[in-house]
Amino acid sequence: MSATVFTMSTILGDVWWLNRTQAFDQRLVYTNERGNAIVKVDNTSDVPWNEKRNTIRLTTQRTYEVGTIWIADILHLPFGCSVWPALWTMGTDWPDDGEIE
């Protein structure tokens, strides 16, 4: 599976979706000293009310058949106010084919 970081957008959340270069430059994605992939939202900036927070989103270019099983080995999930990590699956003709969140 290859993953890419979405380009900056104001849709699908009250955030700025960063592109790959921005995400690495702001250390929202990196590999830590233990070799773990770190994917995070900006948690160091003071974002004024009604402004947007920087974050990233991963997506695959592949499609997967019905019945595919995904296994994720996750050491830590974020928690707190307005935080909801999610795995979305969408049909090829979205939204007509639906989605699972």
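Numbering of residues begins from 1 in every chain and follows the order in which that chain's sequence is written. It should be noted that, the model being predicted, local features are given only for residues of pLDDT at least 70 and side-chain atom pairs only at 80 or more, the latter also being counted only at that level, while totals for whole chains, interfaces and linings use all residues. Note: side-chain values were computed over all heavy atoms of the structure, leaving out hydrogens and water.

## Topic: the overall build of the protein
Here is step 1: Summing up its helical and strand segments, the protein has one helix and eight strands in all.
Here is step 2: Ordered by position from the N terminus, the helices and strands of the protein form the series β-β-α-β-β-β-β-β-β.
Here is step 3: Here the protein holds 101 residues, and 13% of them are scored as buried.
Here is step 4: The contact criterion used is simple: two residues touch if any of their non-hydrogen atoms lie within 4.5 Å. Sequence separation of 24 or more characterises 41% of the internal contacts of the protein that already satisfy a separation of 6 or more.
Here is step 5: Total accessible area on the protein stands at roughly 8,600 Å², and carbon and sulfur atoms take up 54% of it. Each helix corresponds to a stretch of at least 4 residues labelled H or I by DSSP, and each strand to a stretch of at least 2 residues labelled E; elements are numbered beginning at the N terminus. Using a 1.4 Å probe on the protein chains alone, a residue whose accessible area is under 20% of its type maximum counts as buried, one over 50% counts as exposed, and one in between counts as partly exposed. Accessibility throughout is a Shrake-Rupley quantity obtained with a 1.4 Å probe, and a residue counts as covered only by protein chains that appear here.

## Points about the side chain of Asn 54
Here is step 1: Checked against the element boundaries, Asn 54 lands in strand E5 (residues 53–55).
Here is step 2: The definition of a polar contact used here is a pair of N or O atoms within 3.5 Å, where within protein one atom must be able to donate a hydrogen and the other to accept one, and adjacent residues in sequence count solely through side-chain atom pairs. A polar contact is formed between the side chain of Asn 54 and the side chain of Gln 26, at a distance of 2.8 Å.
Here is step 3: Those residues in contact with Asn 54 that sit more than four places away from it in its chain are Trp 16, Leu 18, Gln 26, Leu 28, Val 41 and Asp 42.

## Topic: the pattern of salt bridges
Here is step 1: For this analysis, a salt bridge means a side-chain nitrogen from Lys or Arg found within 4 Å of a carboxyl oxygen belonging to Asp or Glu. Taken as a whole and assessed by the stated rule, the structure comprises one salt bridge.
Here is step 2: Between Arg 53 and Asp 42 there is a salt bridge whose closest N-O contact spans 3.8 Å. Of the two residues, Arg 53 sits in strand E5 while Asp 42 sits in the loop between strand E4 (37–39) and E5, which places them eleven residues apart along the sequence.
Here is step 3: What makes Arg 53 partly exposed here is its relative accessible area of 26%.

## Considering unusual backbone geometry
Here is step 1: Unlike most non-glycine residues, Arg 27 shows phi in positive territory, near 55°.
Here is step 2: Here Arg 27 shows up in the loop between helix H1 (20–25) and strand E3 (29–31).
Here is step 3: Phi is positive for Asn 50, close to 70°, though the residue is something other than glycine.
Here is step 4: By secondary structure assignment, the location of Asn 50 is in the loop between E4 and E5.

## Describing the packing of aromatic side chains
Here is step 1: Each Phe, Tyr or Trp ring, with Trp reduced to its six-membered ring, pairs with another whose centre is within 6.5 Å; inter-plane angles below 30 degrees give stacked pairs, above 60 give edge-to-face pairs, and intermediate values give tilted ones. Tallying each qualifying case throughout the model produces one aromatic pair.
Here is step 2: Ring geometry for Tyr 64 versus Trp 70: centroids 4.9 Å apart, planes at 65°, classification edge-to-face.
Here is step 3: Under the relative-accessibility criterion, Tyr 64 is labelled partly exposed at 28%.
Here is step 4: Comment: the charge-over-ring label is applied if NZ (Lys) or CZ (Arg) is within 6 Å of the ring centre and within 35 degrees of the ring normal. One residue, Arg 27, lies across the ring of Tyr 30, its end atom 3.8 Å from the ring centre.

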